[in-house]
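Secondary and tertiary structure notes
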Amino acid sequence: MNLRELVSALSDFASPSLAESWDNVGLLVEPSPPHIVNTLFLTNDLTEEVMEEAVQKKADLVLSYHPPIFTPLKRVTWKTWKERLVVRALENRIGIYSPHTAYDAIPHGVNNWLTKGLGACTSVPLHPSTAPSSPAEGTHRVEFCADAEHVDAVLSKIKDIPEISCLTTLPVRVEGEEQTRVSLNCSQKALLEVVALLSQNSLLYHKTEILLLQKPLLPHTGMGRLCTLSEPVSLSDIIERIKGHLKLPHVRVAVGVGRTLESPVKKAALCAGSGSSVLKGAEADLYLTGEMSHHDVLDAVANGISVILCEHSNTERGFLSELRDTLAIHLKNQVNIIVSEKDRDPLQVA
């Protein structure tokens, strides 16, 4: 597939608009066009060892779950390992694409895969995503009626305000008088200027309606998951299930105050990777994630919530095999998809 065609297909699979605002997702490194992708190479982390593997396996595009370019690069030299990744990619005509938190949010993504380690359960996002294009622009809608004497002057001033969109006018009849109904979308910042303008005319201001434009929630989409198990299971059994699902010999466990390893778990809140901010405040018997700060673990335990930590990328990497099969169907088997054998969590139990 042509690279741009493939990137479009990947965006259809998981829209980058679903990623967190702080994230850096999408096509990060692009070889000069035209660039044909025969082999798509999947990895959780793009290290230098993994990049060498991608070169050896003649990959044309690396899909790295974690973005190897996160903070801005001021130069591309051989000095730091992330700069060297870019150099090696371009020298070998390998593109780099990262979906990161877009894959966390989608219903068929990383967090959904992680729920399978709990056993039979139903789940909902802890922080639901909103539809990115509805409404298309603005945070507020302002509507008011003005008579012929004032409408042109008001419209002239409104058009000078930045961040105004969807400005429409409609002739209406109000109390037997011909007037113009004005409707516009605006940002929070522009709203202050619009209100200040309209408040100069008390008659206009009192006829003004301001509506908050809220985007609808997307079903089954968002950060984290709150899972309700079909049947309560002891914490010790959940630990064994998680170890089996993630293929780990060990996990770290903190038992909540008033709980034991035999206490039943009915609700579990989970987040792949680093879950502190996503899980905070969730009402559950168990928090499952890769890593949490020491003090956030203490808070959870004090509230009677047990915590299972598996190390950051261990809660993500196993998804790649499922992703390979799902993407093969989505891309209609037009691209050879392989999973890195060198990719691994940097932490080991010694």
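Residues numbered from 1 in each chain as written. Predicted model: local features only at pLDDT ≥ 70, side-chain atom pairs only at ≥ 80, totals over all residues. Heavy atoms only, no water.

Named according to an unreviewed UniProt entry, the protein is NIF3-like protein 1 originating from Malurus elegans. The heading Sequence similarities (unreviewed entry) in the UniProt record of the protein holds the text "Belongs to the GTP cyclohydrolase I type 2/NIF3 family." In UniProt, the protein has this text filed under Subunit (unreviewed entry): "Homodimer. Interacts with COPS2. Interacts with THOC7." (UniProt positions renumbered as here; feature names shortened; annotations may be inferred.)

Attention now moves to the packing of aromatic side chains. Within the structure shown, the criterion is met by three aromatic pairs. With a centroid separation of 5.7 Å and 75 degrees between ring planes, the pair formed by Phe13 and Tyr103 is classed as edge-to-face. Of this pair, Phe13 sits in helix α1 (residues 3-13) while Tyr103 is found in helix α4 (residues 101-105), placing the two residues 90 residues apart along the sequence. Judged by relative accessible area, Phe13 falls into the buried class, the value being 7%. Cluster of aromatic residues (ring-pair linked, three or more members): Phe13, Tyr103 and Phe319. Just above the ring of Trp78 sits the side chain of Arg84; from NZ or CZ to the centre is 6.0 Å. (Phe/Tyr/Trp six-rings, centres within 6.5 Å; stacked < 30°, edge-to-face > 60°. Helix = DSSP H or I, 4+ residues; strand = E, 2+ residues; numbered from the N terminus. Buried < 20%, exposed > 50% of the residue type's maximum accessible area, 1.4 Å probe, protein only. Lys NZ or Arg CZ within 6 Å of the ring centre and 35° of its normal.)

Before going further, it helps to spend a moment on the nonpolar core. Most often, soluble globular proteins keep nonpolar side chains buried together rather than apart. The biggest cluster of nonpolar side chains holds 69 residues, and the ones touching the most others in it are Tyr103, Tyr287 and Leu327. Shared between two domains, this core takes at least three residues from each, and those domains are domain 1 (3-100 + 316-339) and domain 2 (106-129 + 220-309). Residues within four places of Tyr287 in sequence aside, it is in contact with Ala269, Leu279, Gly281, Ala282, Met292, Ala300, Ile305, Ser306, Val307 and Ile308. The next biggest cluster of nonpolar side chains, apart from the first, holds 17 residues, and it includes Val151, Leu155, Leu184 and Cys186. (Core = buried A, V, L, I, M, F, W, Y, C linked by side-chain atoms within 4.5 Å. Domains from an automatic or database assignment. Contact = heavy atoms within 4.5 Å.)

So, on to the domain arrangement of the protein. Along its sequence, the protein is organised into domain 1 (3-100 + 316-339), domain 2 (106-129 + 220-309) and domain 3 (140-212). On a C-alpha basis, the centres of domain 1 and domain 2 stand 29 Å from each other. Each partner contributes residues to the interface: domain 1 has nine residues there, and domain 2 has eleven residues. Linking domain 1 with domain 2 are one salt bridge, by the criterion used here. Put simply, Glu322 and Lys116 hold a salt bridge, and the shortest N to O gap is 2.8 Å. Taken together, the links from domain 1 to domain 2 amount to two residue pairs in polar contact (both at pLDDT 80 or more). (Salt bridge = Lys/Arg side-chain N within 4 Å of Asp/Glu carboxyl O. Polar contact = N/O pair within 3.5 Å; in protein donor to acceptor, adjacent residues only side chain to side chain.)

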